[in-house]
Amino acid sequence: MYPVLHEALLRGPVMPVLVIPDISMAAPLAEALASGGLTVFEITLRTECALDAMVVMRDAVPEALIGAGTVTNADRIRQANDFGADFVVSPGTTQLLLNASIEHQLPILPGFSSASEAMALMELGSRYGKFFPAEISGGVNYLHALAGPLPDFLVCPTGGIKAETAGHYLACPNVVCVGGSWIAPIDLLTEGNYTEIEARARQAASLKSL
Ligand code: 3PG
């Protein structure tokens, strides 16, 4: 286990999942999130400016831990490494992804959605996984059930989680933090409504188990 991934998962209750349409949004977004108390970011590699946005956001918030999200092939791990990511997040897991993570010494939060996939990750030495897509893969009930036989496998669920449901996930004994896009959705970014993003970050940072 890489210490930086451990720190990223334990620093706060919520990891915002970010889709950034324009590079001009990166600095004010990072500042709004940090002002609200969130300093671990998952920047999805789904937009053209995503890699550059990682650099801009690190400059804006030097204490931030920056994860590159939507890492679906080994080349994206190489790119994330070149642009200074602290870790990467994948929606699922393949051997090539795991190999690239080791090759670049870049920690990965690997995706899984079943007990078998979690067990396969444990066999390979991973203590953590991203449960995705959380809500439609069984949600809170599934995670409570998984915690019985696999109590040591710790989880960051994402996919369909909202401010109102995050606390239920955080109450699962195997959940270390949750991920979600509700803090900084594209409509707020497009409006330039960083005040609302900061307010949502503050609310997310103060979330407790329900
Ligand atoms: C993702 O990678 O898209 C995350 O799981 C975010 O899901 P959400 O938009 O439902 O929060």
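Below, the structure is looked at part by part.

Cut-offs applied
- For every chain, the first residue of the written sequence is number 1, and numbering continues from 1 along that sequence.
- Totals for whole chains, interfaces and linings use all residues, but because this is a predicted model, local features are given only for residues with pLDDT of at least 70 and pairs of side-chain atoms are given and counted only at 80 or more.
- Hydrogens and waters are ignored; side-chain quantities use all the structure's heavy atoms.
- Pairing of aromatic rings covers Phe, Tyr and the six-membered ring of Trp, with a centre-to-centre limit of 6.5 Å; geometry is then stacked below 30 degrees between planes, edge-to-face above 60, and tilted otherwise.
- Helix and strand labels come from DSSP, where a helix needs a run of H or I of at least four residues and a strand needs a run of E of at least two; each type is numbered from the N terminus.
- Only protein chains enter the accessibility calculation, which uses a 1.4 Å probe. A residue is then buried if its area is under 20% of the maximum for its type, exposed if over 50%, and partly exposed in between.
- Inter-axis angles, ranging from 0 to 180 degrees, are taken between N-to-C directions of lines fitted to C-alpha atoms, where helices are fitted over the stretch in contact.
- The handedness criterion is simple: a crossing whose near helix is rotated anticlockwise from the far helix by less than a right angle is left-handed, and one whose near helix is rotated clockwise is right-handed.
- In this description, contact between two residues means that some pair of their heavy atoms is separated by no more than 4.5 Å.
- Here the nonpolar group is Ala, Val, Leu, Ile, Met, Phe, Trp, Tyr, Cys and Pro; Asp, Glu, Lys and Arg are the charged ones; every other residue, Gly included, is treated as polar.

## Some thoughts on the packing of aromatic side chains
Under the definition given, this model contains 3 aromatic pairs. Ring centres 5.5 Å apart and planes at 40 degrees place the aromatic pair Phe 112 and Phe 131 in the tilted group. Residue Phe 112 is located in strand β6 (residues 111-112), and its partner Phe 131 is located in strand β7 (residues 128-131); the two are separated by 19 residues in the primary sequence. Among the residues examined, Phe 131 registers a relative accessible area of 0% and is labelled buried.

## What about the packing of helix α2 (residues 26-36) against helix α10 (residues 194-205)?
The interhelical angle for the contact between α2 and α10, taken along N-to-C directions, is 35 degrees, at an axis separation of 7 Å. Relative to α10, α2 is oriented so that their crossing is right-handed. Contacts between α2 and α10 involve Pro 28, Leu 29, Ala 32, Leu 33, Ser 35 and Gly 36 from the former and Tyr 194, Ile 197, Glu 198, Ala 201, Arg 202 and Ala 205 from the latter. Residues of the contact of α2 with α10, tallied by class, amount to 8 nonpolar, 2 polar and 2 charged.

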